[in-house]
Amino acid sequence: RKEVEQDPGPFNVPEGATVAFNCTYSNSASQSFFWYRQDCRKEPKLLMSVYSSGNEDGRFTAQLNRASQYISLLIRDSKLSDSATYLCVVPRPTNKLIFGTGTLLAVQP
Amino acid sequence: EPEVTQTPSHQVTQMGQEVILRCVPISNHLYFYWYRQILGQKVEFLVSFYNNEISEKSEIFDDQFSVERPDGSNFTLKIRSTKLEDSAMYFCASSDPRGQETQYFGPGTRLLVL
């Protein structure tokens, strides 16, 4: 099993839609998780941190299910500007970040 | 808002040449990292650096790679003899002592080895 797995997509959704991405991780000892956003040919940018059961920031909600070892990211009221690749990231205890392959979101007008 | 900067933004080199990629981490950060992303693939960890020494390196980070913090602000990645497969985007990242896991990435250097 890969250390971090994501559905690569693409997810094509209309503006205003709600979309959810899932990510599974293999190391049950992992304590914290991140969602980064990456625009085409740009650097990853931190979107949200998840340390306990979940986190909410405006239209974005991240949830953690430790028993099933998955993290989800929910985006409500999608905007055109949300189009990007969403990276699920799990840090190792040494702070090395393990990246998933990313899920591509395309929000259509 | 403070940010990580990297130079150059693009580098084209011939196979076998040496390249040095430069990074200026966020000023109060003490942990520094290099990652790379081959086109179409996921971001991969190369090396972490703290207190003037390598903390961890991946299997990708072989003897052809080295890192250095030559002064109080720069953090460099050197590839001694580039190979075609070194073509990738190289990202520098840094984090502060209080939030070591939260890493902030620079804009990257796109390296093309011909």
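Please read all numbers here as calculations on a predicted model, not as lab measurements.

Cut-offs applied
For every chain, the first residue of the written sequence is number 1, and numbering continues from 1 along that sequence. The order in which chains are written sets their letters, starting at A; the order in which ligands are written sets their numbers, starting at 1. Local features in this predicted model are restricted to residues of pLDDT 70 or higher, and side-chain atom pairs are both shown and tallied only at a pLDDT of 80 or more, whereas totals for entire chains, interfaces and linings draw on every residue. The basis for every side-chain value is the complete set of non-hydrogen atoms in the structure, without hydrogens or water. Patch building starts from residues that exceed 30% relative accessible area and form no salt bridge, then joins like charges within 9 Å and nonpolar side chains (Val, Leu, Ile, Met, Phe, Trp, Tyr) within 5 Å. What sets the accessible areas is the Shrake-Rupley method with a 1.4 Å probe; for residues, cover comes only from the shown protein chains. The working definition used for a salt bridge is a side-chain nitrogen of Lys or Arg within 4 Å of a carboxyl oxygen of Asp or Glu. Helix and strand assignments come from DSSP, with helices taken as H or I runs of at least 4 residues and strands as E runs of at least 2, each series counted from the N terminus. Three labels apply to residues, based on accessible area from a 1.4 Å probe with only protein chains included: buried if under 20% of the type maximum, exposed if over 50%, partly exposed otherwise in between. Residues are treated as being in contact if the distance between any of their heavy atoms lies within 4.5 Å. By convention, the term buried area covers the 1.4 Å-probe accessible surface removed from two parts as they join, with the contributions of both added. Any pair of nitrogen or oxygen atoms within 3.5 Å is treated as a polar contact; in protein, a donor-acceptor pairing is required on top of that, and neighbouring residues in sequence qualify only through side-chain atoms on both sides. For this scheme, ten residues count as nonpolar: Ala, Val, Leu, Ile, Met, Phe, Trp, Tyr, Cys and Pro. Four count as charged, namely Asp, Glu, Lys and Arg, and the remainder, Gly too, count as polar. For the purposes of this section, nonpolar cores are sets of buried Ala, Val, Leu, Ile, Met, Phe, Trp, Tyr and Cys residues that join through side-chain atoms within 4.5 Å.

(A) Expanded view of a nonpolar patch on the surface. All names here are of chain B. Nonpolar side chains collect at one region of the surface, where Val12, Leu112 and Leu114 lie side by side and expose about 270 Å² of accessible area between them. Relative to the helices and strands, leucine 112 is located in strand β11 (residues 109–113). Residue classification places leucine 112 among the partly exposed positions, given a relative accessible area of 41%.

(B) Expanded view of the interface of chain B and chain A. With 19 residues of chain B in contact, the opposing surface of chain A contributes 19 residues. Summed over both partners, the interface of chain B with chain A buries about 1700 Å², with 53% contributed by carbon and sulfur atoms. Together, B:Lys42, B:Glu101 and B:Phe105 form the three largest contributors to the area buried by chain B at its contact with chain A, with a combined 33%. In this structure, B:Glu56 engages A:Lys96 in a salt bridge whose closest nitrogen and oxygen atoms are separated by 3.8 Å. Applying the counting rule to chain B against chain A returns five residue pairs in polar contact (both at pLDDT 80 or more). Taken together, the elements giving at least two residues each to the side of chain B that touches chain A come down to β4 (31–37), β5 (43–50) and β9 (88–95) of chain B. Of the residues in the side of chain B that touches chain A, the class split is ten nonpolar, five polar and four charged.

(C) Representation of the nonpolar core in the model. Of all hydrophobic cores here, the largest spans 24 residues; its most connected members are A:Phe21, A:Trp35, A:Ile71, A:Leu73, A:Ile75, A:Tyr86 and A:Leu105. Listed by contribution, the elements that provide at least two residues to this core are β3 (19–25), β4 (33–38), β5 (44–50), β7 (60–65), β8 (70–75), β9 (84–91) and β11 (103–108) of chain A. If sequence neighbours within four positions are ignored, A:Leu73 has contacts with A:Val19, A:Ala20, A:Phe21, A:Trp35, A:Leu47, A:Met48, A:Phe60, A:Thr61 and A:Tyr86. Counting 23 residues, the second largest nonpolar core, distinct from the first, contains B:Val4, B:Phe49, B:Leu77 and B:Tyr90.

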